[in-house]
Every structure is written in structure tokens, then in C-alpha cells.
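So the chains spell out like this:
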Amino acid sequence: MTFDEIFASSRARWESQYGANAGTHILIGTATCGRAAGSIEVLEAFRRGTEGLGDKVRISEVGCMGLCSYEPLVTIIKPSDFSICYHHVTPQLVPQLIEGYVLADDPCLDLALGAVTGGGDEPASIPELGRFAFEQRLLLSNCGYTSPLDIDHYVAGGGYKGLALSLAMKPAEIVAALERSGLRGRGGAGSPRVPSGVPA
């Protein structure tokens, strides 16, 4: 397969999970901070509570949003409604969220941290939290929204695109591109990563 074919396949799979015609999607943060706060028990409670719903409800483990003090975090995405992030979720609260928002139209706002915007081509954020107004997330733009266990999520968001482009370039073109980028070392000195005059 070519990279374009791999990307198209990954994008189609992404749309089947997050697109307008996808069913309800429950995202549970199971990175180290979430696990320490009890997210695995929350994950198991959601799995038990949604048994028998089939394709109507999908559950995914996602990475950390950078809001460790609010863990366990759960985001419920309803394509025809708001996507809402809930904080400090416990297994005891799971039935309320399933009955209230997964199966009905009660967003359980008393448990909500805020509405999630973005995802996919736009950085995921929670406008109700002021910190997001001061952040410009690039590499981590969809943390907490995509699954680190699903390579298609990475590819659908543009992952490996740079690699595919570089494989079609000559060494000298790669060096020139790095010089134009202004990329610098992160060791503290801020030295250019590709010094001028390096032979290709």
C-alpha cells in the first residue's frame, strides 16, 4: 500500500468513530495519572454498564489531557449533541452518566468539567477552563481525544506524513528543509540542529 492509501484507510476508520454518523463514544483517560486515580475501575464500570448496547456505544482508552488533578476524566461524545468531559468520575457515578447522558438527554452538568470542542483536525480543548486560552497545543493537540493504542488515530491526524514526504526527498533537500525550519536543539544552548555547510 502507498502512504496515501494507508492515510485514506485510517481517515475512513476515524470518521466511522468520530464522524457525524458515528454512535455515542465514551473516552476514558487511562494514562498513568488516570490509573493512579482509579480510571481502570471506571473503565470496567462503563464496560459492564453498556453491555448489550452493541454498536450504539463505543468505549476507548485515551491518553492524558494534561489535567491530572481532575482525573479520572471521562468524555462522552454524542454526534448529535455536545461532547462533555466529566471529572473525578468514580465507578459509583457511572450509572448516573450512562442513564443520564449516554442513554438520555440529561448532560449531568453537576459532574461536568466542561464541553469539549475540536478534535480531529482542530486541537481538543475545554473552553470553560481558562488555561486553554493560553495554550497553543501542537504535538499534543489531541491528547485525551485520540487513543495511543490505535495507530490509525495517529495516521488519520497526519502522523507519518513528514516521514512519507522525506522518503521522497534527496538528502540535500532534507538538510535545506531543516535549515529553513529554524529547528534548534533542546539541550539549553539553542544551537541549530543542522549547522550551515553540513555536507549532504
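In this convention, every chain numbers its residues from 1, walking through the sequence in written order. With pLDDT at 70 or above as the cut-off, local features in this predicted model cover only qualifying residues; side-chain atom pairs require 80 or more to be listed or tallied, and sums for whole chains, interfaces and linings still use all residues. Water and hydrogen atoms were dropped before computing side-chain values, which therefore reflect all heavy atoms in the structure.

Undergrad: How would you explain the nonpolar core if you had to name every residue and give the values?
TA: As a rule of thumb, nonpolar side chains are buried together in soluble globular proteins. Ranked by internal contacts, the top residues of the largest apolar core, which has 20 residues, are I26, F46, V74, I76, Y86 and L97. Elements represented by at least two residues in this core include exactly β1 (24–29), α3 (39–49), β3 (74–77), β4 (84–86) and α4 (94–102). Only DSSP runs of H or I reaching four residues or more are called helices, and only runs of E reaching two or more are called strands; each is numbered from the N terminus. At 5 residues, α4 tops the list of elements feeding residues into this core. Note on terminology: a nonpolar core comprises buried Ala, Val, Leu, Ile, Met, Phe, Trp, Tyr and Cys residues joined through side-chain atoms within 4.5 Å. For each residue, the accessible area found with a 1.4 Å probe, counting protein chains only, is set against the maximum for its type, and the residue is called buried under 20%, exposed over 50%, and partly exposed in between. Residues L67, I77, L129 and A156 belong to the second largest nonpolar core, which totals 17 residues.

Undergrad: Tell me about the packing of α3 against α4, and name the residues and values.
TA: Each packed pair of helices is defined by two parameters, the angle between the axes and the distance between the axes. Angles run from 0 to 180 degrees between N-to-C directions of axes, and those axes are lines fitted to C-alpha atoms, restricted for helices to the stretch in contact. The contact between α3 and α4 brings their axes to 9 Å, and the two run at 45°. The pairing of α3 with α4 is recorded here as oblique in orientation. Every pair of crossing elements has a handedness; the one defined by α3 and α4 is right-handed. Of α4, the residues touching α3 (which contributes V42, A45, F46 and G49) are V94, L97 and I98. Classifying every residue of the contact of α3 with α4 gives 6 nonpolar, 1 polar and no charged. In these notes the angle categories are as follows: under 35 degrees is roughly parallel, over 145 is roughly antiparallel, 65 to 115 is roughly perpendicular, and the rest is oblique. If you view the pair so one helix is near and one far, a crossing is left-handed when the near helix is turned anticlockwise from the far one by less than a right angle, and right-handed when it is turned clockwise. We call two residues in contact when some of their heavy atoms are within 4.5 Å. Here the nonpolar group is Ala, Val, Leu, Ile, Met, Phe, Trp, Tyr, Cys and Pro; Asp, Glu, Lys and Arg are the charged ones; every other residue, Gly included, is treated as polar.

Undergrad: Could you give me a rundown of the sheet that holds β3, with the residues and numbers involved?
TA: Strand pairing is assigned whenever DSSP detects at least two bridges linking the two strands. Overall, mixed pairing links the 5 strands, which are arranged β2-β1-β3-β4-β5 in an open sheet. Of all the strands in the sheet, the pair left with one neighbour each is β2 (57–62) and β5 (112–115). For this sheet, the mean angle separating the axes of adjacent strands, direction not counted, is 20°. Bridge analysis of β1 against β2 gives 6 bridges, and the strand direction is parallel.

Undergrad: Quick one: what's the story with the packing of aromatic side chains, residue by residue and with numbers?
TA: Between two aromatic rings, the relevant description is the distance of the centres plus the angle of the planes. Under the pairing criterion, centres of Phe, Tyr and Trp rings, with the six-membered ring standing for Trp, must be within 6.5 Å; the plane angle then separates stacked pairs below 30 degrees from edge-to-face pairs above 60, leaving the rest tilted. All chains considered together, the criterion is met by 2 aromatic pairs. Relative to Y145, the ring of W14 has its centre 6.2 Å away and its plane inclined at 45°; by these criteria the two rings are tilted. Remark: Y145 occurs in the loop between β7 (122–125) and α5 (151–156) and W14 occurs in helix α1 (residues 3–18); sequence separation between them is 131 residues. Using a relative accessible area of 6% as the deciding quantity, one classes W14 as buried. Note on Y145: relative accessible area 8%, which makes it buried. Measuring from centroid to centroid gives 5.1 Å for Y154 and Y160, while their planes differ by 90°, and the two rings are edge-to-face.

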